[in-house]
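Given next are the chains, with one letter for each unit.
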Amino acid sequence: MPTCFVIMGYGEKTDFATGRKLNLDSTYKNIIKPSVQASGYECIRADEIRHSGLIDVPMYDMLFDADLVIADLSTSNVNAVFELGIRHAFKPRSTIVIAEKQFTSPFDINHIVIRKYEHLGSDIGFGETMRMRDDLQRLIVELGQTTKPDSPVYTLLDLVPPIRQKTAKRQADPALRTVEPDDSYATQVEKAMNAKSTGGFAEAHRILKDIYEAQTTGQIASNARTPRPRIVQELALATYKTAEKRDPKGDFGILDAAYDEALELLAQLDPERTTDPETLGLWSAIHKRIAERAEADVQRRKAHLDTAIFSSERGFLIRQDYYTGTNLAYLLDYRAFYSSGDEKIADRVLADRVRSRTIGFIEAGLKSEVNTREDVYWLKASLGEAKIALGRQDAQQALRDAKDEHARSPKLPDWMLETTLKQIGQLAKLRHGG
């Protein structure tokens, strides 16, 4: 069976040019893979290559040997652009380039044909999914019927494609073998995400820990590499969530150790300088949790709050959404509770300003036609929290709307409403208790 290698990012990524969150896994699973398989190709993405050792060699193997390559440049993924350049140097044809509608081509690649599709929120609508599937299948058929180069290198220069000296695929070397897709990293990550979605953080942690160790074990110091950011992020989350479920009061120091381990993991992603909102959100959440520890003294508590707020502010500036805005406003009120004088006033004023902006994001989000019931609940719950904190006259009605939304959706878990009410109760103490 001919092979198609897919070049793209994984998971949910922020498009820094627009501040939007794009679910690249949705693009792969709902558009690219079905289109490729319907055209008679085996479809492989880089995270579906399970291997020991460095990913580089099997990746270069695929870039050279694949009968077809599809590159998704959405969110201006540097790795994807680099790998596309390698493919264009290797092969004169059989490469398709796609990107989300608002992707802006850099000058050096603005002469390459890029097929566009549209994300609606973080996901893709059904109609757009089907349109893009049809478009991709048509392009794949056309590529099989032409000898015209689609690589700019071979279009502009009189070149002869390279030939490998070794035609065998290094099958004797176990470090370079791939495995069947059902044992791939992508499949294992999906299992971990399914476990996480049902509260099975211990199972998610076990799977993610195995992947993390496989990606980091056995690499010599000079070639040591940071594992993929998504694995680090999800493992950090599963690490402290597992501990919180096992030992919610932290009587035996389990939570302290888990928070330290999660911070150590995230430190590999340079949280003090990164512009990745996912890393910033996790870094902020952990420092917030440490600040909330009852045994922490006031100065230590404020130090962790400062770190949490700094990270949350950066995430809010990048993402500009209601979720990061709600978290940032809460943290500012939390710090104000332990402050006095001008510092207290400044944090309260800033918290109110963030909430006012957040209400605008929420009202725009509620008009979206692609929201899930869970999306609608969180939007309404966040609106209720924001209006209560701001003392709006319609605050209680907004909260009732959120409760009604939860009651109308029996599939929504009870913890969602419990989390909302707990946060609002804590906020009331912070705003009026000191």
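Residues numbered from 1 in each chain as written. Predicted model: local features only at pLDDT ≥ 70, side-chain atom pairs only at ≥ 80, totals over all residues. Heavy atoms only, no water.

Attention now goes to the environment of Lys380. Among the structural elements, Lys380 can be located in helix α14 (residues 373–390). What makes Lys380 partly exposed here is its relative accessible area of 21%. Sequence separation of Lys380 and Glu363 is 17 residues, and the distance between their C-alpha atoms is 9.1 Å. Those residues in contact with Lys380, other than ones at most four positions away along the chain, are Leu366, Ala398, Asp401, Ala402, Glu405 and Arg408. (Helix = DSSP H or I, 4+ residues; strand = E, 2+ residues; numbered from the N terminus. Buried < 20%, exposed > 50% of the residue type's maximum accessible area, 1.4 Å probe, protein only. Contact = heavy atoms within 4.5 Å.)

All right, on to helix α11 (residues 298–319) then. Between the first and last C-alpha of α11 there are 31 Å, a value that for 22 residues agrees with the 32 Å anticipated at 1.5 Å per step. Elements in contact with the buried residues of α11: β2 (12–15), β3 (20–23), α10 (277–291), α12 (322–337) and α13 (341–366). In the segment just after α11, Gln320 is the residue with positive phi, at about 50 degrees. (Expected span 1.5 Å × (residues − 1).)

The subject of this paragraph is the packing of α12 against α13. Interaxial distance between α12 and α13 falls to 8 Å at its minimum, and their mutual angle equals 165 degrees. As judged from the angle between their axes, α12 and α13 are roughly antiparallel. Seen from above, α12 lies across α13 with left-handed handedness. Residues Tyr322, Gly325, Thr326, Leu328, Ala329, Tyr330, Leu332, Asp333, Arg335, Ala336 and Phe337 of α12 lie in contact with α13, whose contacting residues are Lys344, Asp347, Arg348, Leu350, Ala351, Val354, Arg355, Thr358, Phe361 and Ile362. Here the contact of α12 with α13 is built from residues that sort into 12 nonpolar, three polar and six charged. (Axes fitted to C-alpha atoms, helices over the stretch in contact; angles between N-to-C directions. Parallel < 35°, antiparallel > 145°, perpendicular 65-115°, else oblique. Left-handed = near helix turned anticlockwise from the far one by under 90°. Nonpolar A, V, L, I, M, F, W, Y, C, P; charged D, E, K, R; others polar.)

Unlike most non-glycine residues, Thr75 shows phi in positive territory, near 65 degrees. Looking at the element boundaries, Thr75 is found in the loop between β5 (68–72) and α3 (78–90). What makes Thr75 buried here is its relative accessible area of 13%. Backbone geometry places Ser76, a non-glycine residue, at a positive phi of 55 degrees. On the secondary structure map, Ser76 appears in the loop between β5 and α3.

To continue, consider the packing of aromatic side chains. For the structure shown, the criterion picks out eight aromatic pairs. Where Tyr334 meets Tyr338, the ring centres are 5.8 Å apart and the plane angle is 40 degrees; that geometry is what we call tilted. For Tyr338, a relative accessible area of 25% translates into the label partly exposed. Aromatic side chains Trp378 and Trp415 sit 6.1 Å apart centroid to centroid with 45 degrees between the ring planes, which places their arrangement in the tilted category. Of the two residues, Trp378 is situated in helix α14 and Trp415 in helix α16 (residues 414–432); the sequence distance between them amounts to 37 residues. We classify Trp378 as partly exposed; its relative accessible area is 22%. Ring-pair connections join several aromatic residues into one group, and the members of that group are Tyr330, Tyr334, Phe337 and Tyr338. The positively charged end of Arg45 is found above the aromatic ring belonging to Tyr28, 4.4 Å away from the centroid. Its end group placed over the ring of Phe64, Lys91 keeps NZ or CZ at 4.4 Å from the ring centre. (Phe/Tyr/Trp six-rings, centres within 6.5 Å; stacked < 30°, edge-to-face > 60°. Lys NZ or Arg CZ within 6 Å of the ring centre and 35° of its normal.)

On to the pattern of salt bridges. Evaluation of the coordinates by the stated rule reveals 26 salt bridges. Residues Glu190 and Lys29 are paired through a salt bridge, measuring 4.0 Å at the closest nitrogen-oxygen approach. Of this pair, Glu190 sits in helix α6 (residues 185–197) while Lys29 is found in helix α1 (residues 24–38), placing the two residues 161 residues apart along the sequence. On the basis of relative accessibility, which here comes to 39%, the residue Glu190 falls in the partly exposed class. Judged by its relative accessible area of 42%, Lys29 is partly exposed. (Salt bridge = Lys/Arg side-chain N within 4 Å of Asp/Glu carboxyl O.)

Bringing the confidence of the model for the protein chain into the picture now. Per-residue confidence for the protein chain averages 84 on the pLDDT scale, and 87% of its residues sit at or above 70. Below pLDDT 50 for its whole length, residues 167–172 participates in seven contacts with residues either more than four positions away or in separate chains. Under a pLDDT of 50 for its full length, residues 174–182 has, in the predicted model, 16 contacts with residues more than four places off or in other chains. (pLDDT = per-residue confidence, 0-100.)

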